[in-house]
Structures are given as C-alpha cells and as structure tokens.
Amino acid sequence: YSKCRENMAAPMAWKRLVFSVYTPAFSWFFTRVTDRFFRTRERRRGSTVLLLAPLLAEADSGPLASSRPPGFTGVEGLHSRFQWMADHVPAFRVPGGRIRILHSPDEFYQTMKVRIKTAKSRVVMASLYLGTGPLEQDLVDCMEEALERSQEDHVPDLKVSFLLDYTRGSRGKHNSRTMLLPLLQRFPEQMRVSLYHTPDLRGLLRLLVPERFNETIGVQHIKAYLFDNSLIISGANLSDSYFTNRQDRYVLLEDCEEVADFFAELVGAVGDVSLQLHPDNSVHMMEGMVHPYKGNRAEFSASAQRRIMEVVNTARVRQSMLECSDILDSDRTVPNDTWIIPLVQMKPLGIHLDEQVTQRLLIEAGGDSVVYLTSGYFNLTRTYMQLVLGAAADYRILMASPEVNGFFGAKGVAGAIPEAYVHLARQFYNKVCQLGQQSRVHLHEYHRPNWTFHAKGLWYYVGGRDRPCLTLIGSPNFGYRSVHRDLEAQIAIATENEELQMQLQQEQEVLYTKRYGVQL
C-alpha cells in the first residue's frame, strides 16, 4: 500500500487544514477553543479534530461479554452463534425471501419513488439531509401526490414524517427545510419534520463554529426509509449524487411489519427530542422536552436516552416473548430463516449498542472466518484497529481511493481530506506490516471513473463457506465520529436463506473484485 501512494504529497498537518480556510489569527483562536472544549468534555476519550477526527481515543464501551458460542452448523448453529445479540438488542425473525439487496443509486431512487406513491398509511424518512436539486424535488412531488390522494378520503390515513439533522438541513438559504415547507404548510395534520440538534453544539462553541464546520460536532446520521410495512436501510442520503453516481449499499425489507414498526418508533423517538419545524420556518421543541442547546446538557441527554431506550427495550422484550411462541409454532409454511437485528449508536446520549455488538463480532471472528469490511471514510477507531490486528480471522478492508472520495477536488479545507485518509490508511498498513499480518489483513481501494464511494458495513464468512451468513448494513463508518459523535443505526442480517446469502455474496464481490475493487 505504501508503494502505491509513495508519490503522493505528504499529508497536511491538522492545523494546516484549518489554516487553509481562515486567517491564521482566527484559525489559531478557533482551533484552540474547540480543542479545549473537547478536551474538557471528553478527557477520557481524547479530543475531536474538525472534519476528520484522528485516532486518539479508545472506545469507552467493552464488547458484550459471554463465552464464544459453538461452531456454525445449520439453523441451530446460526441460532447459537448469534443468540447473544438477541439477549441484548431486539431480534426480529423474518423469511429471508422478503429481503432484497439493491445495487445501484438509481435502483434505490426509483424504488423510493414507487413506494412513496403507493404508500397508504405512513412514509418515514430519516437522513442527514434532503438535497435541493430537481431529483430531490421530484421525490417531494411524489409525496405531495400521495398526500393529495390520501385526502380524497374523508379521514386521511397517510402520515409523512421526516427526521433530518438541524445543522445540515438548515445550511444556506435554500435547504432541506425550504424544500419541505410547502408540504408542511399544505398538509399540517399529516406532515412532521423533526430536526435533531446535537447537545454538544452549544454556548460559545455554537457562536464561533462557522456553517459547515458545525456539522462536525455531531449530527443525526441515521438513514432509514420506510413505506407502510416495507423498509430500506442504507448509508445513502437524500441527495442527487446518492441517486446517480455515488455508490452505497441498500437493503429492502418487504412486508416486515415488526421491523418497520421498530424503525418508525425509533425515528419517532429521536424526532420527539428534536426541534420541530413549523409552517413559518420556525423551530420549537415539543412541550415538556428539554432543549438540546439551551437546556441543561445532562438533562437533555438523560431524557433523550430514556425515550429512545424505551423503544429498544420494549421491542427486545416483545421479541423475546414472540421467540418463545415461535418455537411452539411448528405449522409455519414459510420459515423465518433470517434474523434482523437493529443496532443503535448514540454516544452523546449514552447509547452504545452498535459499538458493543461490533466489537464482539470482531473479537469472535475466528481462524475459520473471513470478514469483508468496507467504509467510505477509512478512519477505524483505535479499538477497532486493535481488534482487527489481534484477530485470527482474515480481513479484506475496502475503502475509497482518493479520486472517489466525496471531498476530492473540493475547495479549502475539505479538499485535503482525501489525502488525510490516505495517510491514515498508510499508518494502519505500516502497523500490519510491523506485525507481519500482510497475509491475513488486506487493503483494497474502490475506484470507478466519475463516481464516488460511500458504502459501509461488513460481510461475515465462516467455516470456509463461500457465502456470508451475516452482514452489517446502515449508517456507521466504524470511525471516531460514528462511535462517539453522531446518531447512527444499522442492522445485522443473520441468515440461513441460501438465496439471500447469494445476494450478499454477489454484492460483496461486485464491490471488491468483479468490477472496481483493486487490491493494494
């Protein structure tokens, strides 16, 4: 890997990244203030660096503890290998035939449009932001059409709910908020727009940090798109590049009511502790809720944690009871051969379930396993790096080449980010070489002309099998921000369904080898 990048310029120092945009005096003051803020608030975890957090902090939470489960043999082996997840988080059994992998941005976009137009009871959209171009407007028009159709009934049943990030969704004069205001004004009883604001952006920091940079403090990053009882989980945002030439991952769960209910309730809970957009473009908290940056920081986090964990814990108990009843149900014509396991990470609110589950998966990947792990932004936490370097499994890590990084060619500070990720990857690979792990840990770069790369997640192969039995898919990038700063959600899909395993294998192979993944 080092040889592949030896001709690239030396990576910029972090101070220089900030200096490239502002005057030296302002940059020095800005950097000192923000660094001191995070040293104070996160003394035990290390400090955050704007835009790209270096690997300075260990993850606070240890993996979920218990003995390593027995080997993987058939359905009972799947149950025993991953039962520990269901002991801590909700686990939904569904037929694997109801799950379909989407492969392209256009397929993702067209599927959403069709589902919105045909929705009868609910549309729930959780994303970092909604773009402002013609493709995004077309999506909004689909919602307007669906809402108009629902009003033909005397009692309209269709409800549309958006959860976006406040800072990203409010950027510029024409933004996510202005895109949705016409719907909110026309259908006030059927529309809800919630804008999550991190509790860490407050006081002097909120006044000093400029637009765009304030998003680095922490954002709402969940990407879940729900239409009646069907659901798309992805890492893709609602923006034109994600509909055309920005490669991500997408999974469609068809007619999975319990999973859809869970994500609707989860998004609703985050929405309850977020600012509510009103038809006059003002924002207000719901009555009785603690304000994220005007209220007490500890009180907001505690209140938000209670509201969100109520959803998680209620679902876990309910699914445990259903699991017991399913064991007695021997007349099922379509086998529930697949588990859908939602994983939530919201460290600013004291929620770290995804981190704990991911750590244990990495720890328990034995010598008979191969893990394919991908991230659009290669910035593994120090803990994740140590687990990969200390594991027995083979690892194939896929990341964006500088040319397909979303920040490639950007002006100012953002333009230096691809180079910074190359530096982090070089550091990691040097460590791999120092430990003599080159035969076990391989790095790959995704390169595709005129495209960018945003895919994240992992595929888990065990026992020498040629198809994965588990995948993680959703919003986390396995990096510092995903673990410590942002609100994230993904799902683990553990399956014995051979057709679904084949879909997952094909998805992984296309990204890694068949077309654009190049081993370094």
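Residues numbered from 1 in each chain as written. Predicted model: local features only at pLDDT ≥ 70, side-chain atom pairs only at ≥ 80, totals over all residues. Heavy atoms only, no water.

1. Concerning the packing of helix α12 (residues 353–364) against helix α13 (residues 382–390)
For the pair α12 and α13, interaxial distance at closest approach is 9 Å and the crossing angle is 15°. If you check the angle between α12 and α13, you find them roughly parallel. Helix-helix and strand crossings are classified by hand; for α12 and α13 the assignment is left-handed. Seen from α12, the contacting residues are D354, E355, T358, Q359, L362 and I363; seen from α13, they are T383, Y384 and L387. Considered class by class, the residues forming the contact of α12 with α13 number four nonpolar, three polar and two charged. (Axes fitted to C-alpha atoms, helices over the stretch in contact; angles between N-to-C directions. Helix = DSSP H or I, 4+ residues; strand = E, 2+ residues; numbered from the N terminus. Parallel < 35°, antiparallel > 145°, perpendicular 65-115°, else oblique. Left-handed = near helix turned anticlockwise from the far one by under 90°. Contact = heavy atoms within 4.5 Å. Nonpolar A, V, L, I, M, F, W, Y, C, P; charged D, E, K, R; others polar.)

2. Brief notes about the pattern of salt bridges
A complete count under the given rule lists 18 salt bridges for this structure. Taking the shortest distance from any N to any O, the salt bridge between E107 and R100 comes out at 3.2 Å. One continuous salt-bridge network, built from bridges that share partners, spans R192, D272, R307 and E310. (Salt bridge = Lys/Arg side-chain N within 4 Å of Asp/Glu carboxyl O.)

3. A few points about the confidence of the model for the chain
In regions of low pLDDT, the predicted coordinates are not meant to be interpreted in detail. Residues at a pLDDT of 70 or more form 82% of the chain, whose mean pLDDT is 85. Here residues 2–59 is a poorly scored stretch, pLDDT under 50, and it has 115 contacts once near neighbours within four places are set aside; other chains count. Considering only residues more than four positions removed or in separate chains, one finds that residues 66–76, a stretch of pLDDT under 50, has 30 contacts. (pLDDT = per-residue confidence, 0-100.)

4. Describing the sheet that holds strand β9 (residues 250–253)
Across the sheet, nine strands lie side by side as β2-β9-β7-β6-β3-β4-β5-β10-β11; this open sheet has mixed pairing. The sheet is open, and its two borders are formed by β2 (99–102) and β11 (283–284), each paired with just one other strand. Here strand β4 (residues 159–165) runs beside strand β5 (residues 191–196); their pairing, made up of six bridges, is parallel. Residue pairing across strands places L164 opposite L195, the latter belonging to β5. (Pairing = 2+ DSSP bridges.)

5. Observations concerning the nonpolar core
One finds F82, M85, F263, M346, Y395, F428 and L470 to be the most contacted residues of the largest nonpolar core, which totals 100 residues. In terms of residue count, the dominant contributor to this core is helix α10 (residues 257–272) (nine residues). Ignoring sequence-local partners within four residues, the contact set of F263 consists of A224, L226, L231, I233, P342, A489 and I491. Counting 45 residues, the second-largest nonpolar core is a separate cluster that includes L102, L128, V140 and L158. (Core = buried A, V, L, I, M, F, W, Y, C linked by side-chain atoms within 4.5 Å. Buried < 20%, exposed > 50% of the residue type's maximum accessible area, 1.4 Å probe, protein only.)

6. What to know about the side chain of T452
Among the secondary structure elements, T452 is positioned in strand β17 (residues 452–453). Side chain to side chain, T452 and R246 meet in a polar contact 2.9 Å long. Among residues more than four places away in sequence, those in contact with T452 are N245, R246, Q247, V404, N405 and G406. (Polar contact = N/O pair within 3.5 Å; in protein donor to acceptor, adjacent residues only side chain to side chain.)

7. Observations concerning the packing of helix α4 (residues 105–118) against helix α5 (residues 134–150)
How two helices pack is summed up by the angle between their axes together with the distance between the axes. Where α4 meets α5, the axes come as close as 8 Å, and the angle between the chain directions of the two elements is 20°. Here α5 runs roughly parallel to α4, going by the angle between their axes. Remark: the crossing between α4 and α5 carries right-handed chirality. Each of Y109, M112, K113, I116, K117 and T118 in α4 lies in contact with α5, whose residues at this interface are L135, D138, L139, C142, M143, E145, A146 and R149. Looking at side-chain class alone, the contact of α4 with α5 contains eight nonpolar, one polar and five charged residues.

8. Comments concerning the environment of R306
Residue position: R306 is located in helix α11 (residues 297–328). As for R306 and L349, which are separated by 43 residues in sequence, their C-alpha atoms are 9.2 Å apart.

9. So, unusual backbone geometry
Phi at R212 takes a positive value of approximately 80°, unusual for a residue other than glycine. Positionally, R212 belongs in the loop between α8 (203–208) and β6 (224–227). Positive phi is not limited to glycine here, since D228 has a value of about 55°. Within the secondary structure, D228 sits in the loop between β6 and β7 (230–234). A relative accessible area of 17% means that D228 is categorised as buried.

10. Let's talk about the environment of L195
Turning to its location among the elements, L195 is positioned in strand β5. Placed 33 residues apart in sequence, L195 and F162 show a C-alpha to C-alpha distance of 8.3 Å.

11. Remarks on the packing of aromatic side chains
Inspection of the entire model under this criterion finds 15 aromatic pairs. Taken together, a centroid distance of 5.7 Å and an interplanar angle of 55° make the contact between F108 and Y225 tilted. With a gap of 117 residues between them, F108 in helix α4 and Y225 in strand β6 connect regions that are remote in the sequence. The exposure classification of F108 matches that of Y225, with both residues buried. Among the aromatic residues, those joined into a cluster by ring pairs are F108, Y109, Y225, F243 and Y250. (Phe/Tyr/Trp six-rings, centres within 6.5 Å; stacked < 30°, edge-to-face > 60°.)

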